[in-house]
Amino acid sequence: MAQYTPETMTRKQLRSCYNRFFISFLLCMVLVQLTATALSAGIQLWLLKNPAHERWSAVLQVALNDISCYLPPLIVFPLLLGKLPSSPALPKDPLDPWELLQAVVVCMGVGYLFSLLTSYIITAIETLVGSSSQNFVSEFETSLPFWLTVMSFAVLAPFFEEVIFRGILLHRLRGLGDTSAVLLSALAFAFFHLNLYQLAYAFVLGILFACITLLTGSIRDTFLLHAIINGSSVFVDHYEALQKPFYTLVVVLILVGLLMFLRNAKHYHLEPGPLPFSKHEKRRACLRSPWFLLTVLLSLLVSVVSVFV
């Protein structure tokens, strides 16, 4: 696909931009599974031949997880989305300490609110289908040594996910308008986890992180926010004594975060972008894409099946 400019963009070409995004995402998820399968088989074969290195199995698990999850989108998104309409670079305006603290409260409060709502929905589904669910991400997290869990979930995962979804994907999609860029990057961030437990709050946090990236012009602050949120979960999962005071704090964060979000939301504005199309035309081009429907249906199906099978 040749790179389109705002002056030459047609409605058909607009649809092809959205199609390309969804195809890119589906291709990434297929490559993630293939890479994970190949690396897992290779590591198992290596451990069988070198049983003395079994002590490194946890480190290898983390390396396998990170390579298989993050390498495909780091390659696919820049390659396949590079021809989308471009948008001017954002000016750098990082959050000051007080703004960063407010962002922490808002993101943690809103994120944990949707996490709580998700737990109620999953409980209702368990009752309906008569089967219990399992949070494989949480189980994997608690199976690792504490230092390795911190490195994987509170450092590496936030770094790579911010680079991929806010650094690369959000930037590539801004030519379609900030609204499209925010919602599509958040949708990809949520579906990327393929886990019903994380689906709703990952989508909401993806929106907040994308807006903060647009406001600040960098992913530095969203990396810090992401690391703080993931790190808090790691500490609570590993230290049961922290759970009761932490859940009390969560209730406070939910209430304060919602109030702060509602108070500040009116000050935010998303740029329409350079294309000569209305929000309605962009929305119609996106929602009528067969690849959009396929992406949503497959991602929801896998997200549900992964926790109940």
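Below you will find a few notes about this structure. All of these numbers come straight from a predicted model, not from anything done at the bench.

About the criteria used
- Residues numbered from 1 in each chain as written.
- Predicted model: local features only at pLDDT ≥ 70, side-chain atom pairs only at ≥ 80, totals over all residues.
- Heavy atoms only, no water.
- Patch = residues over 30% accessible without salt bridge, like charges linked within 9 Å, V, L, I, M, F, W, Y side chains within 5 Å.
- Areas by Shrake-Rupley, 256 points an atom, 1.4 Å probe, with all protein chains shown as cover.
- Salt bridge = Lys/Arg side-chain N within 4 Å of Asp/Glu carboxyl O.
- Helix = DSSP H or I, 4+ residues; strand = E, 2+ residues; numbered from the N terminus.
- Expected span 1.5 Å × (residues − 1).
- Buried < 20%, exposed > 50% of the residue type's maximum accessible area, 1.4 Å probe, protein only.
- Polar contact = N/O pair within 3.5 Å; in protein donor to acceptor, adjacent residues only side chain to side chain.
- Axes fitted to C-alpha atoms, helices over the stretch in contact; angles between N-to-C directions.
- Left-handed = near helix turned anticlockwise from the far one by under 90°.
- Contact = heavy atoms within 4.5 Å.
- Nonpolar A, V, L, I, M, F, W, Y, C, P; charged D, E, K, R; others polar.

1. What about a nonpolar patch on the surface?
Step number 1: Among the surface-exposed residues, I23, W291, L294, L298, L301, V302, V305 and V309 lie close enough to one another that they form a single nonpolar patch of about 670 Å² accessible area.
Step number 2: Here the element with the most residues in the nonpolar patch is helix α11 (residues 290-308); it accounts for six residues.

2. Brief notes about α11
Step number 1: An ideal rise of 1.5 Å per residue puts 27 Å on 19 residues; α11 measures up with 27 Å between its terminal C-alpha atoms.
Step number 2: Within α11, the full set of buried residues consists of F292, T295, V296, S299, S303, S306, V307 and F308.
Step number 3: Between the side-chain oxygen of the N-cap and the backbone nitrogen of W291 there are 3.2 Å, and the N-cap of α11 in question is S289.

3. Some words on the pattern of salt bridges
Step number 1: Applying the stated criterion across every chain, the model contains four salt bridges.
Step number 2: For E281, the salt bridge is made with R11, and the minimal N-O distance between the two is 2.5 Å. Within this pair, whereas E281 is found in helix α10 (residues 279-287), its partner R11 is found in helix α1 (residues 11-49), the two being separated by 270 residues in sequence.
Step number 3: Residue classification places E281 among the buried positions, given a relative accessible area of 16%.
Step number 4: For E162, the salt bridge identified is with R166, shortest N-O distance 2.6 Å. Note that E162 and R166 are positioned in helix α5 (residues 146-173) at a spacing of four residues, about one turn of the helix. Of the two residues, E162 and R166, both sit in the buried class.

4. Comments concerning the packing of helix α6 (residues 178-193) against helix α7 (residues 196-216)
Step number 1: Where α6 contacts α7, the axes come no closer than 8 Å and their chain directions differ by 145°. Here α6 runs over α7; the crossing is right-handed. Of the residues in α7, those in contact with D178, V182, L183, S185, A186, L187, F189, A190, F191 and H193 of α6 are Q198, L199, A202, F203, G206, I207, A210, C211 and L214.
Step number 2: Looking at the contact of α6 with α7 residue by residue, the classes come out as 14 nonpolar, four polar and one charged.

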